[in-house]
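One-letter residues, chain by chain:
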Amino acid sequence: MKNSEFLKLSALELVEGYKKGDFTVSDVIETALEHIEVNERNLNALITPLYEEARSRSWMLDAALARGEELGSLFGVPVVVKDNITVDGVRTTCGSRMLENWISPYSAHVVECLERAGAVIIGKANMDEFAMGSSTEFSAFGPALNPWDLSRVPGGSSGGSAASVAAGYAPIALGSDTGGSIRQPAAFCGVYGLKPTYGLVSRFGLIAFASSLDQIGPFARSLKDVAAILQVISEPDARDATCTRKERPNYAEFLNVTSLEGFKVGYLAGYESLEIDDEIKRAISQTIEICKEAGAEIVEVDLPISTRYGLPCYYTIAPAEASSNLARFDGVQYGFSVVADDLKELYLKSRGSGFGPEVKRRILIGTFVLGSSRYDAYYLQAQKVRQLIIREFNAAFSKADVLITPATPTLPFKRGEKLTDPVKAYMADLFTIPVNLAGLPALSMRASMSQSGLPVGVQLIGKKFGEGDILKAASVIEQVVGPAATALGGDRK
Amino acid sequence: MSEFIPVIGLEIHVQLSTKSKMFCSCSTDYIGARPNSHVCPICLGLPGSLPVINERAIMYAVRMALAMRCKVNTHTVFHRKHYFYPDLPKAYQISQYDLPLAVDGHLEVNDDGKAHKIRIQRLHLEEDAGKLVHAAIGGRLMGADYSLVDYNRSGVPLMEIVTQPDITSPKQAREFVSRLRQLVRYLGVSDGDMESGSLRVDANISIMEPGGKWGEKVEVKNMNSLKALERALEYEYERQKEVKSKGETIVRETRHWDDDSGKTISSRSKEEAEDYRYFPDPDLPPLVVDERTIVQLCKELPELPWEVRDRFISDYGLSLEEAEVLTERRDVALLMDDLVKRGSPVKVASNWIRTEIMRVLNERAISAEELTIPPDEMALLLSRVDRGELSTTAAKEVFAMMLEKSLNVDDAIKALGLSTGKLTGSDLEAIVVKVLAENAEVVEEIRAGKDKKGKKVKFLQGIVMRETKGQADPKEVQSLIMSKI
Amino acid sequence: MSGTSDGLVEEIRRVAKLAMLELNEDEMKHIGTQFKNILDQLQKLSELDTKDINPFSLEDMEPMPWRKDEVVAWNRYSEVLSQAPVSEEGYFKVPRIVEGDHDEK
Ligand SMILES: [Zn+2]
């Protein structure tokens, strides 16, 4: 096998290869690191590549392999981790100048899980500052690019993670999703991106954007990898009070289905007339057709409140929580800090210069809606609307096991296109946001390629803790459209 | 000016004596520790950290709520209270807002012998802030070039108790806090120490005009002792009356008590009330304390101080004053019960605890359980005093000896050279004869019938007892004297 | 929200002060227009009738888990202090506090 072939293998294929002695961990890691070094000049998918750390860990793992130790389920698998997830001893920037030099003294729960499973963290992924954005252009470390077309954005805020997986840096990556930050970049980069049910994966060590919406989830190029990494990171954690104590199923068991007999797939009534790209509409109807062929019953569902009020509801609640979560960055204990004559100046200037424009905008909105005189009209009303959205989804899931919707209204847009008008930029999250408000799981996957050679994604939404249902439907679709491809240098247009 | 009545409400913060902090596993034992050493990502508010609540903090707060007859809410919510200050590492404090753990209770205070009910508005849980050290003379904020921050205290569990404005005098405010402190100590939920800041009191005081109109309320802070609390409120009451009498208006503001000058000083009043932007903490699901837990905690409540006091009065026949002193501390009240159970007569036990034993406990700053004399020996000593086998004076010496040398009663008596047996029969008779001879005039007067009240016989009896170092039975002495006369 | 742009600027200033964010004139102008547009969007929520809705419904929510009161010391504290912008003798150091910034606790 040529070394460059490693880059196209899935995580589980790598583990198999190590077990059979086809190649070593250091072979794979070395190849990945070289590939990263060459491609980062263009892509900028990583804020911090971890060359040294990954190398020494690969030697350690090879030694374990030689000793015949029992191997973890992600043994020797290179993983990219979004830079809002802490790794002990590694800087965690959140894509912000505010944390440019902050070294985390502890690891996130998901990172501990990955390391226990034998994974090798090879880099910290680029992202929109504090996960606020849909293009990774709001990173203080420069924009990341879409590996399928360098003139386009990879989506965001987990754009660096999605681009890394699409570009073959690693077969799997972690991102976080508050309003679509995993699913939208997954769609733009043509890979799988799963946002688990709120509470399935511990948020301990995830630098909070909006605590009631944030959830860590995986990117991968195959569904088997999605299931494998979900199994690893969804380990229960007592350090996150919102993390469920429910038992986790064996996710891989949902994958080997060929029939959707007795399964109900819902689609959004009137999606044909929505303002979305025609190629996305076509992908939706093709996907529904695949499910129907496999024996699923196709039903129409209505989500009028979610579609119409999801955005304003989200853009009230998320900034409110963000304004609170980001209050701690004040220049006293860690992070960006200016020299000031008095305390107030320290606060105003450190925060004024440490945060970028989008973050400041959202902090201001959030501070406004939480103000004692605005609270009832804005924040409380949004929380009530959120309850209506939950009810609406409950009704939809009384009719269907999974829903198929667009992941995004458009194909990957050009760089700079959405930077000027925030309200327009927020529209990119139209279909993903209600899912976070309702705390549901959803997977975004590539359904086809556009005529222009760009990935076209669709979204599969499940009921609470219905990850299995999603994997089942997705597995049937994957069998027809094939797993996600890598956009290595040669495949790029 | 006596027509102005003070209207006082208190806001009390009590540090709970849990081992670990409210939302993390750091130790709460920070006094004397090096700065910023009892910290972790959670209580430092490091990015990505999350809070998980301490079970014991909930139990302690519910215990306190039940003792004050509050209604405990089974479903409550934690809110975030936002403000920027260096002692607050997340720039918000996790606290409770419109759904506190408990509401609507009361605590009774004794004001000049009259019981007075102070209503409790609410009781809630929150986390403590860190500590600032100001780099200026006396550690004051004013004039300091910079300040230093220590987060060891950050995240220590606090219970906030808010009263209704039912308190009508500074003395009553003091009495209330002292009652509350007694209660937290009885329940074992806090050491209740004001000096070290385990118990912090803020007071709201306004004055009510003759017509029943309430004035603007002023918040007074920084009282570090019961005495300071009473003095600050007295000062503030006088100040407000004076402002009124000049025809000026009282400003709604926060004032700081300065113990040295004995004055309250205005903090610069703000143009507008601070906007804390409260909202439910999304990191913490609702707190559910189910009925069963509440009933269980209610059953496990110890006998409360006023219950013990009333029992001492009814069962032991003690006076209110005696009972108050004996029940001030739970360890002392328990000792009283213990001694009586082991055969000490009530009166002697009460007298001895209130004088000798309390003196030793206070001098050594120890609890009754730490007393080196085993309760059985203590009870034996007191019984001998009661039976007249030892005079009070001798018993005190024995007590001191037992304490110093960890001896039992008999060995202590031996060590002091006091005979263990009773002085009686011919030995005693010889002493009586000697005393009567030495006091022939008194004997004559008694014979002449000049001792109607029996005082003179008592006088002689006293001398004999002294001569015998208290080892004779006073009754036997008395009958011997009578027979000789 | 008052419709006049003066009122809006005033409001943004107040909010920025509360959020401790320094905004330069450029940012003020820029954020000003966007702020209005965003708030207009958010106000759409008032179209919905929500008077019987409990905003924090506890339905199918797992209650808060409790932690045992056990001490686990964290021994990495010096690493935190070493990253402090300014520290002195084991303390974090902040510049002069002007009185009235916040009441002493
Ligand atoms: Zn801690």
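Procedures and definitions
Residues numbered from 1 in each chain as written. Chains lettered and ligands numbered in written order. Predicted model: local features only at pLDDT ≥ 70, side-chain atom pairs only at ≥ 80, totals over all residues. Heavy atoms only, no water. Contact = heavy atoms within 4.5 Å. Buried area = accessible area lost by both parts, 1.4 Å probe. Salt bridge = Lys/Arg side-chain N within 4 Å of Asp/Glu carboxyl O. Polar contact = N/O pair within 3.5 Å; in protein donor to acceptor, adjacent residues only side chain to side chain. Helix = DSSP H or I, 4+ residues; strand = E, 2+ residues; numbered from the N terminus. Expected span 1.5 Å × (residues − 1). Buried < 20%, exposed > 50% of the residue type's maximum accessible area, 1.4 Å probe, protein only. UniProt positions renumbered as here; feature names shortened; annotations may be inferred. Donors = N, O, S within 2.8 Å, 3.2 Å for Na, K, Ca; no water. Tetrahedral: all angles 85-135°; square planar, octahedral: opposite > 155°, others 65-115°. Axes fitted to C-alpha atoms, helices over the stretch in contact; angles between N-to-C directions. Parallel < 35°, antiparallel > 145°, perpendicular 65-115°, else oblique. Nonpolar A, V, L, I, M, F, W, Y, C, P; charged D, E, K, R; others polar. Core = buried A, V, L, I, M, F, W, Y, C linked by side-chain atoms within 4.5 Å. Pairing = 2+ DSSP bridges. Phe/Tyr/Trp six-rings, centres within 6.5 Å; stacked < 30°, edge-to-face > 60°. Lys NZ or Arg CZ within 6 Å of the ring centre and 35° of its normal.

### Some details on the interface of chain B and chain A
Right, so step 1: Contact with chain B, which involves 30 residues of that partner, is made by 37 residues of chain A.
Right, so step 2: Summing the contributions of chain B and of chain A, the shared interface buries around 2700 Å²; its carbon and sulfur component is 61%.
Right, so step 3: Of all residues in chain B, Pro47, Leu50 and Phe84 of chain B give up the largest surface area on contact with chain A, accounting jointly for 23% of the area buried on that side.
Right, so step 4: For the pair chain B and chain A, the number of links is one salt bridge.
Right, so step 5: At the junction of chain B and chain A, the tally comes to 16 residue pairs in polar contact (both at pLDDT 80 or more).

### As for helix H14 (residues 455–467) of chain B
Residues and elements named next belong to chain B.
Right, so step 1: Look at H14: 19 Å from first C-alpha to last across 13 residues, which is about the 18 Å you get at 1.5 Å a residue.
Right, so step 2: Those residues of H14 lying buried are Val457, Leu460, Gln461, Ile463, Val464 and Met465.
Right, so step 3: On its buried side, H14 packs onto helix H12 (425–438), helix H13 (440–447) and helix H15 (474–484).
Right, so step 4: Following H14 by one or two positions, Lys469 has its phi on the positive side, about 55°.

### Brief notes about the UniProt feature "active site" (unreviewed entry) in chain A
Residues and elements named next belong to chain A.
Right, so step 1: Mapped onto the present numbering, the UniProt feature "active site" (unreviewed entry) falls at Lys82, Ser157 and Ser181. Over a stretch of 100 residues, the named residues converge on one spot in the fold, their C-alpha atoms separated by at most 10.9 Å.
Right, so step 2: By secondary structure assignment, the location of Ser157 is in the loop between strand S3 (120–125) and helix H5 (159–166).
Right, so step 3: Under the relative-accessibility criterion, Ser157 is labelled buried at 0%.

### Description of the coordination of the zinc ion
Residues and elements named next belong to chain B.
Right, so step 1: All of the protein donors around the zinc ion are Cys24 (SG), Cys26 (SG), Cys40 (SG) and Cys43 (SG); their distances to the metal are 2.3 to 2.4 Å.
Right, so step 2: In this structure, the zinc ion is coordinated by four donor atoms arranged in tetrahedral fashion, with angles at the metal of 100 to 116°.
Right, so step 3: Site description for the zinc ion: donor spacing in sequence, C-x1-C-x13-C-x2-C. Taken together, the residues span a long stretch of sequence, with Cys26 in the loop between strand S1 (5–15) and strand S2 (53–54) and Cys43 in the loop between S1 and S2 at a distance of 17 residues.
Right, so step 4: The class for Cys26 is buried, based on a relative accessible area of 3%.
Right, so step 5: Residue classification places Cys43 among the buried residues on the basis of a relative accessible area of 5%.

### Examining the packing of helix H8 (residues 278–293) of chain A against helix H15 (residues 467–481) of chain A
Residues and elements named next belong to chain A.
Right, so step 1: For the pair H8 and H15, the least separation of the axes is 10 Å and the interaxial angle reads 105°. Here H8 lies roughly perpendicular to H15, going by the angle between them. Across the interface between the two elements, Thr287, Ile290 and Cys291 from H8 touch Val476, Ile477, Val480 and Val481 from H15.
Right, so step 2: Along the lines of polarity and charge, the residues of the contact of H8 with H15 split into six nonpolar, one polar and no charged.

### Some thoughts on the nonpolar core
Side chains of a nonpolar character, in soluble globular proteins, are inclined to be buried together.
Right, so step 1: Grouped together as the largest cluster of nonpolar side chains are 220 residues, with contacts concentrated most on Leu74, Leu114 and Phe130 of chain A.
Right, so step 2: Those residues in contact with Leu114 of chain A, other than ones at most four positions away along the chain, are Leu74, Val79, Val81, Ala119, Leu174, Ile229, Val232 and Ile233 of chain A.
Right, so step 3: The next biggest cluster of nonpolar side chains, apart from the first, holds 71 residues, and it includes Cys70, Val72, Val189 and Val289 of chain B.

### Here's the deal with the sheet that holds strand S3 (residues 91–95) of chain C
Right, so step 1: Pairing within the open sheet is antiparallel, and its four strands lie in the order S9(B)-S10(B)-S3(C)-S2(C). Where the open sheet ends on each side, the last strands, each with one partner, are strand S9 (131–134) of chain B together with strand S2 (87–88) of chain C.
Right, so step 2: Bridge count between S9 of chain B and strand S10 (residues 146–150) of chain B: four bridges; the pairing is antiparallel. Following the sheet pairing, Val133 of chain B is matched in S10 of chain B by Leu148 of chain B.

### Quick word on the packing of aromatic side chains
Right, so step 1: Taken as a whole and judged by the stated rule, the model has 26 aromatic pairs over all chains.
Right, so step 2: Where Phe329 of chain A meets Phe355 of chain A, the ring centres are 6.3 Å apart and the plane angle is 90°; that geometry is what we call edge-to-face. Here the residue Phe329 of chain A occupies a position in the loop between helix H9 (304–325) and helix H10 (343–354), and Phe355 of chain A occupies one in the loop between H10 and helix H11 (357–370), the gap between them amounting to 26 residues. Considered together, Phe329 of chain A and Phe355 of chain A belong to a single accessibility category, that of buried residues.
Right, so step 3: Look at Phe368 of chain A and Tyr378 of chain A: their rings are 5.3 Å apart centre to centre, the planes differ by 75°, and that puts the pair in the edge-to-face class. With Phe368 of chain A in helix H11 and Tyr378 of chain A in helix H12 (residues 376–397), the pair connects residues that are 10 residues apart, well separated along the chain.
Right, so step 4: Of the aromatic side chains, those joined through ring pairs into one cluster are Trp102, Phe130, Phe329, Tyr334 and Phe355 of chain A.
Right, so step 5: Positioned above the aromatic ring of Tyr276 of chain B is the side chain of Lys81 of chain B, whose terminal nitrogen or guanidinium carbon lies 4.4 Å from the ring centre.
Right, so step 6: Looking at Lys93 of chain C, its charged tip hangs above the ring of Tyr146 of chain B, at a distance of 4.1 Å from the centre.

### Observations concerning the interface of chain A and chain C
Right, so step 1: Every contact between the two is made by 60 residues of chain A and, on the other side, 53 residues of chain C.
Right, so step 2: Regarding the contact of chain A and chain C, the summed buried area is about 5200 Å², with carbon and sulfur atoms giving 65% of it.
Right, so step 3: One can count six salt bridges joining chain A with chain C.
Right, so step 4: Close ionic contact of Glu62 of chain C with Arg245 of chain A constitutes a salt bridge, the shortest N to O distance being 3.8 Å.
Right, so step 5: The interface formed by chain A and chain C contains 20 residue pairs in polar contact (both at pLDDT 80 or more).

### Digging into unusual backbone geometry
Phi is mostly negative for residues that are not glycine, and the peptide bonds are mostly trans.
Right, so step 1: Here the bond from Gly156 of chain A into Ser157 of chain A is cis, since omega is 10°, no more than 30 degrees from zero.
Right, so step 2: Not every positive phi belongs to a glycine, and Ala131 of chain A is a case in point at roughly 65°.
Right, so step 3: For Ala131 of chain A, the location among the structural elements is in the loop between S3 and H5.
Right, so step 4: Here Met20 of chain C, not a glycine, exhibits a phi torsion of approximately 55°, which is positive.

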